[in-house]
Protein chains: 2
Amino acid sequence: MDYRTHSRLSHRANIFKALAHPSRLLIVEELAKRERCVCELTEKIGADVSTVSKHLSVLKNAGIVSDEKRGAQVWYELQMPCVLSFFDCVERSITARAEFQLEVEREARS
Amino acid sequence: MDYRTHSRLSHRANIFKALAHPSRLLIVEELAKRERCVCELTEKIGADVSTVSKHLSVLKNAGIVSDEKRGAQVWYELQMPCVLSFFDCVERSITARAEFQLEVEREARS
DNA sequence: ATTATATTTGGTTATATTGCCAAATAACCA
DNA sequence: TGGTTATTTGGCAATATAACCAAATATAAT
């Protein structure tokens, strides 16, 4: 793989990596509804605030969310709404696979 | 986060995780053009065959590709073509961010 | 039958990720 | 001012990933 290709794909991989965690996916789903402060997201996720803060920093560095400080709180907003359409793609694939598995098992039984 | 939500998001995260590596993204791009055997992909990637084989197994376990053995070779095929449309989404975001950075720098200079 | 090619698997080492705690920072309130 | 709340950062321990080599397996070729 030449340097230029590797650089392009590494950049792209970083965005996938940022989304590759259940808590961060929950954050994205919540931010798709409306902006949220760290305390609200911490409540939803049920982990230590410091952990959630680090997850948010991963998403922010990838350009997926942005933050804005208002008073003592920091509010996060989704900056890449097109990830949501990929969730649909993933969901369809998961469903298709589950159905395929059932099919295989049905055939194995018969 | 309740158990059901966590399970759903973990599953989804596994798909993102499978795509979160430059070599695996290259594999997806190549398979988007046509099916490929392991040796062809190994050539393109420029890593040890065993490494490429393991990358392929990650993609296969995630349901992103499928494999078929023909003679001594194993041919891989893309099973989740909708990932390609997400690449566009990611690319647009990367470009938008790069332009934003330039803007910030321009303002800083003036 | 033996050799060569294609692919996967096991093992090891190096590196990256994740989670929590403690501490630092910042804004608000009494 | 002093205390409380919201958030981030540093550090550490546990776990997960990734790369290569060596070895195992399967097919093709001589």
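Everything numeric in this text was worked out from a predicted model, so none of it was measured. (Residues numbered from 1 in each chain as written. Chains lettered and ligands numbered in written order. Predicted model: local features only at pLDDT ≥ 70, side-chain atom pairs only at ≥ 80, totals over all residues. Heavy atoms only, no water.)

**Student:** I'm lost on the packing of helix α2 (residues 22-33) of chain B against helix α5 (residues 83-109) of chain B in this one. Help?
**Tutor:** Any two packed helices are characterised by the angle at which their axes cross and by the distance between the axes. Residues and elements named next belong to chain B. Where α2 meets α5, the closest approach of the two axes is 11 Å, and the angle between their N-to-C directions is 120°. One finds that α2 runs oblique with respect to α5. Of the two possible hands of crossing, α2 and α5 adopt the one that is left-handed. Facing L25, V28, E29 and A32 of α2, the residues of α5 in contact are V83, L84 and F87. (Axes fitted to C-alpha atoms, helices over the stretch in contact; angles between N-to-C directions. Helix = DSSP H or I, 4+ residues; strand = E, 2+ residues; numbered from the N terminus. Parallel < 35°, antiparallel > 145°, perpendicular 65-115°, else oblique. Left-handed = near helix turned anticlockwise from the far one by under 90°. Contact = heavy atoms within 4.5 Å.)

**Student:** I tried to follow the protein's contact with DNA strand C on my own but got confused; where do I start?
**Tutor:** As a structural note, the neighbourhood of DNA strand C is formed by 23 residues, with H55 of chain A together with C39, S53, K54 and Y76 of chain B the closest of them. Sugar and phosphate atoms constitute 67% of the interface atoms of DNA strand C, taking the interface as everything within 4 Å of the protein. Note that a phosphate oxygen of DNA strand C is positioned 3.2 Å from one of the side-chain N or O atoms of R24 of chain A. S53 of chain B is positioned with one of its side-chain polar atoms (N or O) 2.8 Å from a phosphate oxygen of DNA strand C. (Near = heavy atom within 4 Å. Polar contact = N/O pair within 3.5 Å; in protein donor to acceptor, adjacent residues only side chain to side chain.)

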